[in-house]
Amino acid sequence: MDTDGDPVAGVLEHAYRDEWSAVVATLARRLGDLQAAEDAAAEAFAAAARVWARDGTPPNPGGWLMTTAWRKAVDQLRGNRAIAVDPQQFPGTGAASASDAPPVTVGGDDQLGLVFACCHPALALEVRVALTLRFVAGLTTRQIAAAFVLPEATLAQRLVRAKRKISESGIRFEVPGPDALAGRLDGVHAVVYLVFNEGYAASGGEQLIHADLCEEAIWLGRLLHRLLPEDTETAGLVALMLLHHSRAAARQDPDGGAVLLADQDRARWDAALIADGTAILDAAVARRRPGPYQIEAAIAALHAAADSFEATDWPQIAALYGTLARLSPSPVVEVNRAVAVGMADGPHAGLAILEPVLASGALTGYAPLHAAHADLLERAGLAAEASAAWARAERAMGNAALQRELHRRRAATAGSELGSRRGEPAVVRYKNFPTGVETSGLGP
Amino acid sequence: MKYALLIYSAPDTSERPYAEAREAWVDYARAVKEAGILLGVEQLAETDTATSVRVRGGQRLLTDGPFLETKEHLGGFFLIDVPDLDTALDWAARMPHAASGTAEVRAVRTGMAWQAVLG
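Residues numbered from 1 in each chain as written. Chains lettered and ligands numbered in written order. Predicted model: local features only at pLDDT ≥ 70, side-chain atom pairs only at ≥ 80, totals over all residues.

Trainee: In this structure, what is going on with the environment of Gly361 of chain A? I would like to understand it.
Mentor: Residue and element names in this part refer to chain A. Tracing the backbone through its elements, the reader meets Gly361 in the loop between helix H16 (347-360) and helix H17 (367-379). The class of Gly361 is exposed, set by 8 C-beta atoms lying within 10 Å. Sequence spacing of Gly361 and Pro331 is 30 residues, and the spatial spacing of their C-alpha atoms is 9.9 Å. (Helix = DSSP H or I, 4+ residues; strand = E, 2+ residues; numbered from the N terminus. Buried ≥ 20, exposed ≤ 12 C-beta atoms within 10 Å, placed from the backbone.)

Trainee: What is the right way to read the nonpolar core from this model?
Mentor: One broad rule of soluble globular proteins: the nonpolar side chains tend to lie buried together. In this structure, Leu27, Ala37, Ala69, Leu114 and Ala239 of chain A are the most contacted members of the largest nonpolar core, which totals 138 residues. Of all the elements, helix H8 (residues 178-200) of chain A adds the most residues to this core, at 10 residues. (Core = buried A, V, L, I, M, F, W, Y, C linked by C-beta atoms within 7 Å.)

Trainee: Whenever I open this one, the environment of Ala162 of chain A confuses me. Can you help?
Mentor: All names here are of chain A. Relative to the elements of secondary structure, Ala162 occurs in helix H7 (residues 152-169). Between the C-alpha atoms of Ala162 and Arg50, which are 112 residues apart in sequence, the distance is 31 Å. Residues within four places of Ala162 in sequence aside, it is in contact with Leu123, Val127, Ala130 and Leu131. (Contact = placed C-beta atoms within 7 Å.)

Trainee: What is the right way to read H17 of chain A from this model?
Mentor: Residues three or four positions apart in an α-helix share a direction because the helix packs 3.6 residues into each turn. All names here are of chain A. Its 13 residues place the ends of H17 19 Å apart at the C-alpha level, agreeing with the 18 Å of an ideal helix rising 1.5 Å per residue. In terms of burial, H17 is a largely internal element, 13 of the 13 residues being buried. Remark: Gly381 follows H17 within two positions and exhibits a positive phi of approximately 85°. (Expected span 1.5 Å × (residues − 1).)

Trainee: Help me out: how do you make sense of the packing of H8 of chain A against helix H9 (residues 211-227) of chain A in this one?
Mentor: Packed helices, taken two at a time, are described by their axes: the angle between them and the distance between them. Residues and elements named next belong to chain A. Contact geometry for H8 and H9: axes closest at 6 Å, N-to-C directions at 155°. Taken as axis vectors, H8 and H9 run roughly antiparallel relative to one another. Classified by chirality, the crossing of H9 by H8 is left-handed. Facing H8, whose interface residues are Val188, Val192, Val195, Phe196, Glu198, Gly199 and Tyr200, H9 presents Ala211, Asp212, Leu213, Cys214, Glu216, Ala217, Leu220, Gly221 and Leu224. When grouped by side-chain class, the residues that make up the contact of H8 with H9 number 11 nonpolar, 2 polar and 3 charged. (Axes fitted to C-alpha atoms, helices over the stretch in contact; angles between N-to-C directions. Parallel < 35°, antiparallel > 145°, perpendicular 65-115°, else oblique. Left-handed = near helix turned anticlockwise from the far one by under 90°. Nonpolar A, V, L, I, M, F, W, Y, C, P; charged D, E, K, R; others polar.)

Pasting the structure below:
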C-alpha cells in the first residue's frame, strides 16, 4: 500500500507480509497468544535485518525466521514465569517439547487456525476486521486506520484489547469441527466481504474507491480458497469480488465522480479479472453446492458478459435474484430483484416488488432503495414522485461522490421531459451484509 | 481452562411453568456433572433480597437491593473446566434460560498472588 504503484516493491512488500503472517500464525497456534507471537516475530525480523546484512541471506529464509521467532518466544515464556510453564495452557511448550526446534507446520492449518481465531464470533465485527487485516493480511495499524478513516490510536487500542480477549478467554487457533465449520466460515466470508465493500464503495468520505482494500480482500479470499479448495461459497466469494473489481477503472470519471453501470465504458473493464472470476465461478458451480455468493457472482458474471446495459440478460438476472431471495431472503435482495424485474418486465413490475419493502420501513436509511425507487418511478412516467425519491436517496447516501451523482439525477428529473432518461436505470449492487453498512447502490 | 457461566434472566419473562424450568435445570446440572467438567455451582437468592455494601470515608453504607438495577438479574453461576471458549459457549447455550435470558461467559484467572495464599 505504500509502494506508490511500483510493482517490484509491491511484490516484495507482500512477500514480506506473507512470511510475517506465516510466522505469526504458527507461533500463535502453539502459544495461544497473538501478542506473544507478534512480539517474537518482530524480534526475529529485526534480527534478520541485522544478521543477514552482516552474514548474507540464509539458504532457507523462512525456516531461519521461524526458528528464530520460536526460540525468542520460548525464551520469553520461560523468563516470564517463575513457575513451570503449564503445558495445558501452552501446548507444545511443556518440558518434553520445549526444545529450540520450531513446530512443524501441517499444511495450511496454522494459517487457517489464525483466520478462524481472528474471525471468532465472540469478537465484535469491527474487531474481527482489524485482527484479520493486521495478522492475516499483515497490514500495519497505520494502514488499517487510514483505510477505515479511524484514528490510529483507536485502532491500536482495539487490537490490544482483542489480543487480550483471545488469549484470556481461550479462543483457539484451530479450524472448527465439522458441525461448526459452515457457520464459522460464513463469519469469515462476512469479514472478507466487508473489507471488500469498504474498498469498493467507501461508506463515508470523499473518495469512492479504495482499490488497495479491494485487493487485500481479494488476496484474503484467494488465500482461503487455496486453503479450502472444496468450499464452493469461498470460491463464489472470490469470483464475486474479482468480477466487481473488474469494473474499477470504469466506475470513476477523472474528477472522481461516480459513473453508473449503465454509463460505464465497458472497454475499461478488466478482461483478465473477468476471465479469472468467471473460471473460478464455473468450477465452483460444477461442484453443485449452490449458495448466495455463487448466485451473486453469477449475476455479476452476466453483467460482465454483456456488451451493453440494454443487452444484458435481465430475465436471467431476475430469475437469479429470485433464487437468492429463496436461499437468503432479505429486503436488500428484494430491492435488487425489483430493479432486475423492472428491466426485464418494465417499471410497474419492478415497483410492485418494491412496494412491500417500502411499506415495511425496513430500509428507510438505505440510499439504494430510494435510488431504485426513484429510477422505476421515473421510467413509469411519475416525475414528481421520482424527484422526491431521488432527494431521499441523496439524503441517505454517506459517500460524497455518490451523493453528487444522486443530486445530478434529481436535478435532471426535475428539469427533464418525461421519459427522456428512459433506459438508464440505477442498478443496485447487492450487498450481502446484515448490519446495514451503507454501500453504493448505483449500478457499479 | 476454567470458566464462570453467569446466569442472567429477567424474573417474569420465562414462559415455562416453574416445575418445568426446575426440571430443565436438574437435567442440565446432571449433564454438566456427567461430563466431568463441574467445578462448582450455586443458585442465589432473588435479587430483591440482596444487600449492597460500600465503605466510604470510613462509614459502612448499606443499600437495600443489588449493585445495579438491571432488567436481567444474576441468578447463579456454574464453574466449569473445559478446554476452550468454544466448549464453554456450547455449555452456556444449553442452559435452560438461554432462550429468554443471557449467560455471560468469563474465563477464570489463574496464577494470581492471592490464590497462592489459599494453598
